[in-house]
Amino acid sequence: MLPRTYESQNCSIARALEVIGDRWTMLVIRSAFEGVRRFDDYQDVLGIARNVLTDRLTRLCDEGLMRRVRYQERPERYEYRLTRKGVELWPTIMTLMIWGDRHYAPEGPPLVIAHRGCDGALADHLTCDSCGAQLGPRDVEPRPGPGTQAEPQRAQAIT
């Protein structure tokens, strides 16, 4: 197993990877952008072990990328919501998705990010391919793409 820290590296990329550099963390963040909020929903969408999910959500909260918000008192239950720091990862997640669609989605993208304003799709440079608007996480919604293969319907986008 790779170490979680890169103490010998004086590099912002290495430091960022200490926080978000494993696959489950990135998939938790991706799911948060798709509107997932609750522990059981993360587990259902990701197929992740409870202990691993608990670790990732705790770490994301400790690092200030997510915050816990109680939605039920008895029993006590929480939602996990992206903070401003977490929302700032949107360009990184979308750029990685676009790259993955280009190189690893031969049947087409499994998910299309649609511009709510005109129904165009997210394009390179995080603009709308129809109207040219610069897009952010509140301007878009995920929709099943041509590469969707009987996946369960994902939650709605961040609002």
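Our structure is the block above this text.
Okay, so let's go over this structure. (Residues numbered from 1 in each chain as written. Predicted model: local features only at pLDDT ≥ 70, side-chain atom pairs only at ≥ 80, totals over all residues. Heavy atoms only, no water.)

Considerations on the overall build of the protein
So, step 1. When helices and strands are counted, the protein shows six helices and six strands.
So, step 2. Secondary structure elements of the protein occur, N-terminal to C-terminal, as α-α-α-α-β-β-α-α-β-β-β-β.
So, step 3. The globule rule puts the C-alpha radius of gyration for 159 residues at 15 Å, and the 17 Å found for the protein is close to it.
So, step 4. Along the three orthogonal principal directions, the C-alpha set of the protein runs to about 45 × 40 × 30 Å.
So, step 5. The proportion of buried residues among the 159 residues of the protein is 37%.
So, step 6. When contacts within the protein are restricted to residue pairs at least 6 apart in sequence, those whose partners lie at least 24 apart make up 52%.
So, step 7. Total accessible area on the protein stands at roughly 10000 Å², and carbon and sulfur atoms take up 49% of it. (Helix = DSSP H or I, 4+ residues; strand = E, 2+ residues; numbered from the N terminus. Rg over C-alpha atoms; globule rule 2.2 N^0.38 Å. Buried < 20%, exposed > 50% of the residue type's maximum accessible area, 1.4 Å probe, protein only. Contact = heavy atoms within 4.5 Å. Areas by Shrake-Rupley, 256 points an atom, 1.4 Å probe, with all protein chains shown as cover.)

Some details on the side chain of Gln43
So, step 1. Residue position: Gln43 is located in helix α3 (residues 39–46).
So, step 2. Here Ile48 takes part through its backbone oxygen, which lies 3.5 Å from a polar atom of the side chain of Gln43.
So, step 3. Those residues within four positions of Gln43 in sequence are excluded, and the remaining contacts are Ile48, Ala49, Arg50 and Leu53. (Polar contact = N/O pair within 3.5 Å; in protein donor to acceptor, adjacent residues only side chain to side chain.)

As for unusual backbone geometry
So, step 1. Residue Pro75 follows Arg74 across a cis peptide bond; omega there is -10°.
So, step 2. The phi dihedral of Asp119 is positive, around 75°, even though this residue is not glycine.
So, step 3. Among the structural elements, Asp119 can be located in the loop between β3 (111–115) and β4 (122–123).
So, step 4. Under the relative-accessibility criterion, Asp119 is labelled partly exposed at 48%.
So, step 5. Of note in this structure, Leu126 is not a glycine but carries a positive phi near 60°.
So, step 6. Structurally, Leu126 can be placed in the loop between β4 and β5 (127–128).

Here's the deal with the side chain of Asp101
So, step 1. Mapped onto the elements, Asp101 comes out in helix α6 (residues 90–104).
So, step 2. One buried charge, Asp101, has no salt-bridge partner; the nearest side chain with opposite charge is Arg102, at 8.7 Å.
So, step 3. Apart from the residues lying within four places of it in its own chain, the contact partners of Asp101 are Pro109, Pro110 and Leu111. (Lys, Arg positive; Asp, Glu negative; His and termini not counted. Salt bridge = Lys/Arg side-chain N within 4 Å of Asp/Glu carboxyl O.)

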